[in-house]
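These are the residues of each chain, in order.
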Amino acid sequence: MKAIVVARHGDADGLEMREIETPAPKGRQVLVKVHACGVCRRDILVRRSPAHRGLASPLVLGHEIAGTVAALGSEARNFKVGDRVCSTQREYVCGCCTMCRTDREALCADLRFLGQEAMGGNAEYVLVMDDNLAKLPEPISFEAGSIVGCPVGTSYNAVVDTGQVRAGERVLITGMGGLGIHAVQIARACGAYVIAATRHPDKAKSIEELGAHRVVVAPDGRFAGRVREATGGNGADVSIDTVGSAVFHEIRRSIAVGGRIVLVGEVTGTLIELDMAMIYRRSLTIRSATSTSRRQLEAALKLIASGAVRPVVERTMPLSEAAAAHRLVEANAVTGRIVLTP
Ligand SMILES: [Zn+2]
Ligand SMILES: [Zn+2]
């Protein structure tokens, strides 16, 4: 089969199209014929850095996969050849540890991540254990379905499960990248009053179209005053933050007493000072959401099939142009996902 292999760690020139052996499914593995695979920033981090331990060899990137079942291992359950499927981000989880048994299998110590410890979906075929796949409902395209297990499902986790957003609550969403633009839609679907903060004036109109009730454009990053104004001076009940330390203090100024701060990313990795007395006095909760469980993937697919949420795929490119796609993501030239099609 054809696959894009990381021939050299470093820049995108290290990605090469090669002919490699088509894998055969064993045990509970499912062989998926890849129809679409999203390009994620995580792919770029893995491509750049040889420091990750236990990487698959050859290294084929891609954990946002949709396709059809081509063959099944002898113990694979729940699927038959020809089924339309999409993946969580993982090839394997143990299924029996505390994390796997409590809807947090992304924290399983034994997991193998697609495109890292296991070969990913930048290829014509990929192996995924049955536990890490969900059926892709007919109205959802492969391109849209491919990204549900990562940006859409992680936003679902942040808003619905970790953030516990209820109808009528005021939700602030920061950072209008792949996570933010789906969090806006999911919070809206929950019945929340959605305030989106962005540095980029040119994004305002499209964010409103996705369902934000109020878009605060703050090129200097100072959005707290206008968030308080938009909430009658009280502040937001919940913040879904895809940026991290760079905006933490603005979020702190934006959040209501008793508010919940949900972290879904850390862009700059900067250390910040935190006044614990302020967290205590104002009874704030800080939680984080890092990934999508299979249950969350299935729940997100239901929301999408109902029409309440639309996965934002900005561009589809042939798999052979994977390096060009990486360069576009690295240059921040796209807001929605780029999806590769073999
Ligand atoms: Zn991803
Ligand atoms: Zn486990």
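Refer to the structure printed above.
Scoring rules and cut-offs
Residues numbered from 1 in each chain as written. Chains lettered and ligands numbered in written order. Predicted model: local features only at pLDDT ≥ 70, side-chain atom pairs only at ≥ 80, totals over all residues. Heavy atoms only, no water. Salt bridge = Lys/Arg side-chain N within 4 Å of Asp/Glu carboxyl O. Helix = DSSP H or I, 4+ residues; strand = E, 2+ residues; numbered from the N terminus. Buried < 20%, exposed > 50% of the residue type's maximum accessible area, 1.4 Å probe, protein only. Phe/Tyr/Trp six-rings, centres within 6.5 Å; stacked < 30°, edge-to-face > 60°. Lys NZ or Arg CZ within 6 Å of the ring centre and 35° of its normal. Pairing = 2+ DSSP bridges. Axes fitted to C-alpha atoms, helices over the stretch in contact; angles between N-to-C directions. Contact = heavy atoms within 4.5 Å. Donors = N, O, S within 2.8 Å, 3.2 Å for Na, K, Ca; no water. Tetrahedral: all angles 85-135°; square planar, octahedral: opposite > 155°, others 65-115°. Core = buried A, V, L, I, M, F, W, Y, C linked by side-chain atoms within 4.5 Å. Domains from an automatic or database assignment.

## Focus: the pattern of salt bridges
Item 1. Evaluation of the coordinates by the stated rule reveals 22 salt bridges.
Item 2. Between Arg 214 and Glu 229 there is a salt bridge, with the nearest N and O atoms lying 3.5 Å from each other. With a gap of 15 residues between them, Arg 214 in strand S12 (residues 214-217) and Glu 229 in helix H6 (residues 224-230) connect regions that are remote in the sequence.
Item 3. Residue classification places Glu 229 among the exposed residues on the basis of a relative accessible area of 54%.
Item 4. Several salt bridges converge on common partners, so that one network encompasses Arg 8, Glu 16 and Arg 18.

## Structural notes on the packing of aromatic side chains
Item 1. Summed over the entire model, instances satisfying the criterion amount to zero aromatic pairs.
Item 2. Sitting above the plane of the Phe 113 ring, Arg 42 keeps its charged end 3.6 Å from the centroid.
Item 3. In this arrangement the basic side chain of Arg 84 is found over the ring face of Phe 142, its NZ or CZ atom lying 4.5 Å from the centre.

## Notes on the sheet that holds strand S11 (residues 193-198)
Item 1. On the basis of which strands lie adjacent, the open sheet formed by six strands has the order S12-S11-S10-S13-S14-S15 and parallel pairing. Sheet topology places S12 and strand S15 (285-288) at the edges, where each strand pairs with a single neighbour. Each strand of the sheet is rotated relative to its neighbour by a mean of 20 degrees, with strand direction disregarded.
Item 2. Strand direction decides the pairing type here: strand S13 (residues 236-241) and strand S14 (residues 255-263), joined by five bridges, are parallel. Each bridged residue has a counterpart across the sheet, and for Ile 240 the counterpart in S14 is Val 262.
Item 3. Where helix H3 (residues 148-162) meets the sheet, it contacts S13, S14 and S15, and its direction lies at approximately 145 degrees from that of S15.
Item 4. Most of the contacts of helix H4 (residues 178-189) go to strand S10 (residues 170-174), to which it runs at about 170 degrees, and overall it touches S10, S11 and S13.

## Observations concerning the coordination of the zinc ion (ligand 2)
Item 1. In the first shell of the zinc ion (ligand 2), the protein supplies Cys 94 (SG), Cys 97 (SG), Cys 100 (SG) and Cys 108 (SG), at 2.3 to 2.4 Å from the metal.
Item 2. For the zinc ion (ligand 2), the four donor atoms in the first shell make angles of 105 to 117 degrees at the metal, so the coordination geometry reads as tetrahedral.
Item 3. Considered as a linear motif, the donors of the zinc ion (ligand 2) on their single chain read C-x2-C-x2-C-x7-C.
Item 4. Given the relative accessible area of 21%, Cys 94 is considered partly exposed.
Item 5. Relative accessible area serves as the criterion here: at 13%, Cys 100 is assigned to the buried category.

## Looking at unusual backbone geometry
Item 1. Note that the residue after Ser 57, namely Pro 58, is joined by a cis bond; omega there is -5 degrees.
Item 2. With respect to the helices and strands, Pro 58 occurs in the loop between helix H1 (41-48) and strand S4 (64-72).
Item 3. Not every positive phi belongs to a glycine, and Gln 164 is a case in point at roughly 50 degrees.
Item 4. Along the chain, Gln 164 turns up in the loop between H3 and S10.

## Considering the coordination of the zinc ion (ligand 1)
Item 1. Coordination of the zinc ion (ligand 1) by the protein is provided by Cys 40 (SG), His 63 (NE2), Glu 64 (OE) and Cys 150 (SG), with metal-donor distances spanning 2.0 to 2.3 Å.
Item 2. Each of the four donor atoms around the zinc ion (ligand 1) contributes to a set of angles spanning 94 to 123 degrees, which defines the coordination as tetrahedral.
Item 3. Donor residues for the zinc ion (ligand 1), ordered by position in the chain, follow C-x22-H-E-x85-C. With Cys 40 in the loop between strand S3 (29-39) and H1 and Cys 150 in helix H3, the pair connects residues that are 110 residues apart, well separated along the chain. Per residue, the accessibility class of Cys 40 equals that of Cys 150, and both read buried.

## Concerning the environment of Met 1
Item 1. With respect to the helices and strands, Met 1 occurs in the segment before strand S1 (2-6).
Item 2. Taking relative accessible area as the criterion, Met 1 reaches 8% and is therefore assigned buried.
Item 3. Put simply, Met 1 and Arg 18 are 17 residues apart on the chain and 8.2 Å apart in space, counted from C-alpha to C-alpha.
Item 4. Ignoring sequence-local partners within four residues, the contact set of Met 1 consists of Arg 18, Glu 19, Ile 20, Glu 21, Thr 22, Pro 23, Ala 123, Glu 124 and Tyr 125.

## Concerning the nonpolar core
Item 1. With 44 residues, the main nonpolar core has Val 152, Val 171, Ile 173, Val 184, Ile 240 and Leu 301 as its most contacted residues.
Item 2. Here this core spans two domains, and each of domain 1 (2-147 + 311-341) and domain 2 (153-288) adds at least three residues to it.
Item 3. With near-sequence residues (within four places) excluded, Leu 301 lies in contact with Cys 86, Ala 134, Lys 135, Leu 136, Pro 137, Ile 140 and Val 148.

## A word on the environment of Ile 4
Item 1. Mapped onto the elements of the fold, Ile 4 is located in strand S1.
Item 2. Note on Ile 4: relative accessible area 4%, which makes it buried.
Item 3. As a C-alpha pair, Ile 4 and Val 267 span 263 residues in sequence and 27 Å in three-dimensional space.
Item 4. Beyond its immediate stretch of four places on either side in the chain, Ile 4 contacts Leu 15, Glu 16, Met 17, Leu 59, Val 60, Leu 61, Asn 122, Leu 319, Ser 320 and Ala 322.

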